[in-house]
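Read off the chains here:
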Amino acid sequence: MTPLSYRRHRFPPELIQHAIWLYLRFTLSYRDVEELLAQRGLDISYETVRRWVLKFGPAIARRLRQRRPRPSDRWHLDEMVVRIAGERLYLWRAVDDEGEVLDMLVQRRCDSRGALRLMRKLLKKQGFVPKLLVTDRLPSYASAFRRLRLTCRHEQGLRKNNRAENSHQAVRRRERKLQRFKSPRSAQRFLSMHAAVHNTFNFQGHLISRSTLRIFRAEATAEWRNAVAAA
């Protein structure tokens, strides 16, 4: 694993890491992060925060993904429309039954080739075939499953796929905050970083006790600190 190097930066690593965490963890713009840092007496422009996120964010996301446990074997797949530079594109997403984001793919297709590309990428990344796949009633999924010759159970239905539908909400919030994504490449890059941080801090606090929540938060914070550690 390539170590992160914060050398030749004006500000200390802890401050850079905190700014990146604020932007990726919460529904904030770069200007919002600038204002929050200014409240602490730190004169840092939003452009500086943007450069930090672009430089260190992808590497931090890879480290976080490497530390995640194996997801469950019940996967939910769904697609949503996103408008980028006036063009209608599709964000394909896969999550497990606990809300862990497995993968996402921004592409122009909403057909069997698009579903097939997502499934191939997902299976290669995860390294195993799930026991259950849940999708909506889009015929493209069934066509892709047949071409891949998958033998796992496939359930279709809008309500059955609420787990995937709910996972779109965080993306919609960020899309509005960012005033839409600027390009397919930048959208894919940001969503990959966002998903890694979301998975790390996704506790589903309404399902656990307060004491358990404190333990999970401490573990997530430790994962983050290990991921952003300097060389």
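Our subject is the structure listed above.
Residues numbered from 1 in each chain as written. Predicted model: local features only at pLDDT ≥ 70, side-chain atom pairs only at ≥ 80, totals over all residues. Heavy atoms only, no water.

A. Region of interest: the overall build of the protein. When helices and strands are counted, the protein shows 8 helices and 5 strands. Across the protein, helices and strands are ordered from the amino to the carboxyl terminus as α-α-α-β-β-β-α-β-α-β-α-α-α. Expected size for 231 residues packed as a compact globule is a radius of gyration near 17 Å; at 19 Å, the protein falls within 12% of this value. A principal-axis box enclosing the C-alpha atoms of the protein has dimensions of 55 × 45 × 35 Å. For the protein, the residues scored as buried account for 48% of the 231 residues in total. Long-range contacts, defined as pairs at least 24 residues apart, comprise 59% of the intrachain contacts of the protein with a sequence gap of at least 6. When the accessible area of the protein is evaluated, it comes to approximately 13,000 Å², of which 47% is carbon and sulfur surface. (Helix = DSSP H or I, 4+ residues; strand = E, 2+ residues; numbered from the N terminus. Rg over C-alpha atoms; globule rule 2.2 N^0.38 Å. Buried < 20%, exposed > 50% of the residue type's maximum accessible area, 1.4 Å probe, protein only. Contact = heavy atoms within 4.5 Å. Areas by Shrake-Rupley, 256 points an atom, 1.4 Å probe, with all protein chains shown as cover.)

B. Representation of the sheet that holds strand β3 (residues 101-107) within the structure. The strand order β3-β2-β1-β4-β5 describes an open sheet built from 5 strands, whose pairing is mixed. Two strands close off the open sheet at either side, each with one partner strand: β3 and β5 (153-156). Mean inter-strand twist for the sheet, computed between neighbouring axes without regard to direction, equals 20 degrees. Pairing of strand β1 (residues 74-84) with strand β4 (residues 132-135) involves 3 bridges; the strand directions are parallel. Bridged to H76 within β4 is V134. Together, β1, β2 (87-96) and β3 form the strand contacts of helix α7 (residues 184-200), whose direction differs from that of β3 by roughly 170 degrees. (Pairing = 2+ DSSP bridges. Axes fitted to C-alpha atoms, helices over the stretch in contact; angles between N-to-C directions.)

C. Here's a closer look at the nonpolar core. Counting 50 residues, the largest nonpolar core has I20 and I60 as the members making the most contacts within it. Considering every element that reaches this core, the biggest residue donor is helix α3 (residues 46-66), with 8 residues. Once residues lying within four places of it in the same chain are set aside, the contact partners of I60 are L4, I20, W224, A227 and V228. (Core = buried A, V, L, I, M, F, W, Y, C linked by side-chain atoms within 4.5 Å.)

Take it as geometry only, folks, not as evidence of what the structure does.
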